[in-house]
Amino acid sequence: MSQTVMADAAPVDASAPTASLHRPRLPRWAPLGLAAVAAALGTGIGLVAGLDSRIQWGLIAALLYVGLTAVLAGAVEGTRQAKDRLATSFIWVCFLLAVLPLASLIWETVARGVKVLDGYFLTHSMNGVITMEAGGGIYHALIGTLQQVGLATLIAAPVGLLTAIYLVEYGTGRLAKAVTFFVDVMTGIPSIVAGLFILSFWIIILDFGYSGFAGAMSLAILMMPIVVRSTEEMLKLVPNELREASLALGVPKWRTILKVVLPTAIGGITTGIMLAVARIAGESAPILLLVFGSASINGNPFEGAQSSLPYYVYEQWANGNEPSYDRAWAAALVLIAFVMILNLVARGIARWKAPKH
Amino acid sequence: MAKRIDVSGLSAYYGSFRAIDDISMTVEPRSVTAFIGPSGCGKSTFLRTLNRMHEVTPGGRVEGKVMLDDEDLYGTGVDPVSVRRTIGMVFQRPNPFPTMSIYDNVAAGLRLNGDHKKSELDGIVEKSLRGANLWNEVKDRLNRPGSGLSGGQQQRLCIARAIAVEPQVLLMDEPCSALDPISTLAIEDLIGELTSRFTIVIVTHNMQQAARVSDRTAFFNLAEVGAPGKLVEIDDTERIFSNPSVQATEDYISGRFG
Ligand SMILES: Nc1ncnc2c1ncn2[C@@H]1O[C@H](COP(=O)(O)OP(=O)(O)O)[C@@H](O)[C@H]1O
Ligand SMILES: [Mg+2]
């Protein structure tokens, strides 16, 4: 037994020059250094060859970085390490490619958005503002978004939560399969279709007028499947042993769900709901159809036209003049900030509520 | 308060698969009964039929009778929830509620059932933790999460949680299999103390443990993989380990198979 173990352990790497366990290694700063060299070379080649697209410079630098790393590591460290470094550098390049659009989007929005973003902008509507001129604000749109999204959450979160509880804790057989199927179908509904559905049902057939509530209903349709899906996943993560422990104490099933299963999953569930909120906060199509859009403040979501942030952005951009562009960027910045704050709050809640160890 | 369990003609199914077949036995009050047998012979399944936890598993189904004194647990109109309050259970892996403190874990059974007064609760929690030999180790950190304890402590916490609702029977499914020898010893001592108040049924893979803690031992076996498990014999522990009446029992105990 012991002999076979030793025989297995001896020649790990046949190419090793000696039996020593030490291998030559590139210094710790090598990847960073290589990245700098590759960036410099990329810029240099770009300038010399007269390439006018920065994207081309970047791609050359990225290729150089991956290639240089592999060649250098192969020469110094051997093939196994070279493969490792090749994969690592490739992943870094991919990471940068993925982050770049996000960073540039945020940069662009912040740079252009701060121009008119101030206290006045946040607390005034567009009522009586001539779109060709500077001035006005997003107060009416902010109110609209908060009310529409809030109402949509009030509708979608309880229904979604209860649906998920049914599917995970009770659902077996045909009904559960059917519900799962329809939730899947709902996930794929384009927002304009959800808007048209409420339009034909609520406004044309039932003959109600435009209102924030009509928009909220279509947003709720979009939000519900997301809440069901994420809550389902979170409930499935709760170990069955906890349910059994509670049932074995003589606790009824409904109380087990309420007091053991939900508290264990509550962090993930709230995160899921917040992300769903963030997802619908940017919808403009249903708002266009159902809330109609408005330039003045309407604090009643159940009657009359309202505005909303994404709709406002669309509307201002469509005006096609410089002051309107500025307002559109500033509103977009507010919308992004709103979504980011929601994300941060969700993460905070998840961390705060997570089971402690 | 401890009660006798009288099982007759009990079979349990997972869907159409019969996991245990036609088991009959009696468990005396205030005694420790050990279940031994090779893996997959249905010890856990049988144990779970004794407090109606088997039917919690999807497809789980039971035929036969389990009498607790003179009440059939599977009779019509019997509420599984009250059965489980009367017959408590400790699982193989310690499973304290991760969102609750040590105190809340012990109080969970009472709290989740809604009937508690704060002043009483303190007393019950202390009594249960003392009963589980855990009080001295945790009395200064009752508000810390239960999942921060060691494995052996967690298992004793689960025992405290189970005895806090004052059951009459305590079922334990390999309570020591995830624990180190010292914690195992602590739990075995605890079982010895608990017999004065509870009827105890314990599943174990450890022969010495069965010999040490139990008054009676039941040996289960199965003809082949996929066949239902059966009760081979149940007798005083001493007899099972010295002079069993069935050859298969002797083979199993002396390590000739299984
Ligand atoms: N949840 C389940 N679903 C289907 N079959 C199961 C389930 N749990 C156990 N079984 C089967 O029932 C038989 C008995 O299992 P178990 O009671 O766990 O045995 P033991 O505890 O003696 O090892 C085994 O054949 C096992 O595969
Ligand atoms: Mg088992």
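Residues numbered from 1 in each chain as written. Chains lettered and ligands numbered in written order. Predicted model: local features only at pLDDT ≥ 70, side-chain atom pairs only at ≥ 80, totals over all residues. Heavy atoms only, no water.

**Comments concerning the overall build of chain A**
For step 1, the next point in the chain: Scanning chain A from N- to C-terminus turns up 14 helices and zero strands.
For step 2, the next point in the chain: Along the chain direction, N to C, the helices and strands of chain A fall in the order α-α-α-α-α-α-α-α-α-α-α-α-α-α.
For step 3, the next point in the chain: In terms of overall dimensions, chain A is more spread out than a globule: its C-alpha atoms have a radius of gyration of 28 Å, far above the 21 Å expected for 357 residues.
For step 4, the next point in the chain: Projected onto its principal axes, the C-alpha coordinates of chain A cover approximately 85 × 70 × 35 Å.
For step 5, the next point in the chain: The buried share among the 357 residues of chain A stands at 40%.
For step 6, the next point in the chain: Expressed as a percentage of contacts within chain A between residues at least 6 apart in sequence, the contacts between residues at least 24 apart total 71%.
For step 7, the next point in the chain: Accessible surface, chain A: about 19900 Å² in total, of which carbon and sulfur atoms supply 71%.
For step 8, the next point in the chain: In chain A, which carries 23 positive and 20 negative side-chain charges, the distance between the mean positions of the two groups comes to 10 Å. (Helix = DSSP H or I, 4+ residues; strand = E, 2+ residues; numbered from the N terminus. Rg over C-alpha atoms; globule rule 2.2 N^0.38 Å. Buried < 20%, exposed > 50% of the residue type's maximum accessible area, 1.4 Å probe, protein only. Contact = heavy atoms within 4.5 Å. Areas by Shrake-Rupley, 256 points an atom, 1.4 Å probe, with all protein chains shown as cover. Lys, Arg positive; Asp, Glu negative; His and termini not counted. Charge placed at Lys NZ, Arg CZ, Asp CG, Glu CD.)

**Here's the deal with the site of ligand 1**
Residue and element names in this part refer to chain B.
For step 1, the next point in the chain: All residues in the neighbourhood of ligand 1 are listed as Y14, F17, A19, S39, G40, C41, G42, K43, S44, T45 and T57.
For step 2, the next point in the chain: A distance of 3.1 Å separates an oxygen atom of ligand 1 from a polar atom in the backbone of G42.
For step 3, the next point in the chain: Within the complex, 62% of the 560 Å² of free accessible area of ligand 1 lies under protein.
For step 4, the next point in the chain: Counting residues per element, the ones that place at least two in the shell around ligand 1 are β2 (17-27) and α1 (43-49).
For step 5, the next point in the chain: Ranked by residue count, the leading element in the shell around ligand 1 is α1, at three residues.
For step 6, the next point in the chain: When the residues that make up the shell around ligand 1 are grouped by side-chain class, the tally is four nonpolar, six polar and one charged. (Near = heavy atom within 4 Å. Polar contact = N/O pair within 3.5 Å; in protein donor to acceptor, adjacent residues only side chain to side chain. Nonpolar A, V, L, I, M, F, W, Y, C, P; charged D, E, K, R; others polar.)

**With respect to the UniProt feature "domain: ABC transmembrane type-1" (unreviewed entry) in chain A**
For step 1, the next point in the chain: Per the UniProt entry, the sites bearing "domain: ABC transmembrane type-1" (unreviewed entry) are residues 142-346 of chain A in this numbering.
For step 2, the next point in the chain: Taken end to end, residues 142-346 of chain A is 80% helix and 0% strand, and its two terminal C-alpha atoms sit 20 Å from one another. (UniProt positions renumbered as here; feature names shortened; annotations may be inferred.)

**Quick notes on the interface of chain B and chain A**
For step 1, the next point in the chain: Of the residues lining the interface, 29 residues belong to chain B; the matching set on chain A comes to 19 residues.
For step 2, the next point in the chain: Taken together, both faces of the contact between chain B and chain A bury some 2000 Å²; the carbon and sulfur share is 66%.
For step 3, the next point in the chain: Of all residues in chain B, P98, T99 and L112 of chain B give up the largest surface area on contact with chain A, accounting jointly for 28% of the area buried on that side.
For step 4, the next point in the chain: Here chain B is connected to chain A by two salt bridges. (Buried area = accessible area lost by both parts, 1.4 Å probe. Salt bridge = Lys/Arg side-chain N within 4 Å of Asp/Glu carboxyl O.)

**So, the pattern of salt bridges**
All names here are of chain A.
For step 1, the next point in the chain: Counted under the stated rule, the structure contains 24 salt bridges over all chains.
For step 2, the next point in the chain: Close ionic contact of R25 with E77 constitutes a salt bridge, the shortest N to O distance being 3.9 Å. Taken together, the residues span a long stretch of sequence, with R25 in the loop between α1 (2-9) and α2 (30-49) and E77 in helix α3 (residues 54-77) at a distance of 52 residues.
For step 3, the next point in the chain: A relative accessible area of 9% places E77 in the buried class.
For step 4, the next point in the chain: The salt bridge involving R279 is made with E283; its shortest N-O contact spans 3.0 Å.
For step 5, the next point in the chain: On the accessibility criterion, R279 (42% relative accessible area) is partly exposed.
For step 6, the next point in the chain: For E283, a relative accessible area of 14% puts it in the buried group.

**Considering the UniProt feature "transmembrane region" (unreviewed entry) in chain A**
Residues and elements named next belong to chain A.
For step 1, the next point in the chain: Here the UniProt feature "transmembrane region" (unreviewed entry) sits at residues 29-49, 55-74, 86-107, 149-168, 180-204, 210-228, 260-281 and 328-346.
For step 2, the next point in the chain: For the annotated span residues 29-49, helix accounts for 95% and strand for 0% of the residues, and the straight-line distance between the end C-alpha atoms is 30 Å.
For step 3, the next point in the chain: Along residues 328-346 one finds 100% helix and 0% strand; the C-alpha atoms at either end are 27 Å apart.

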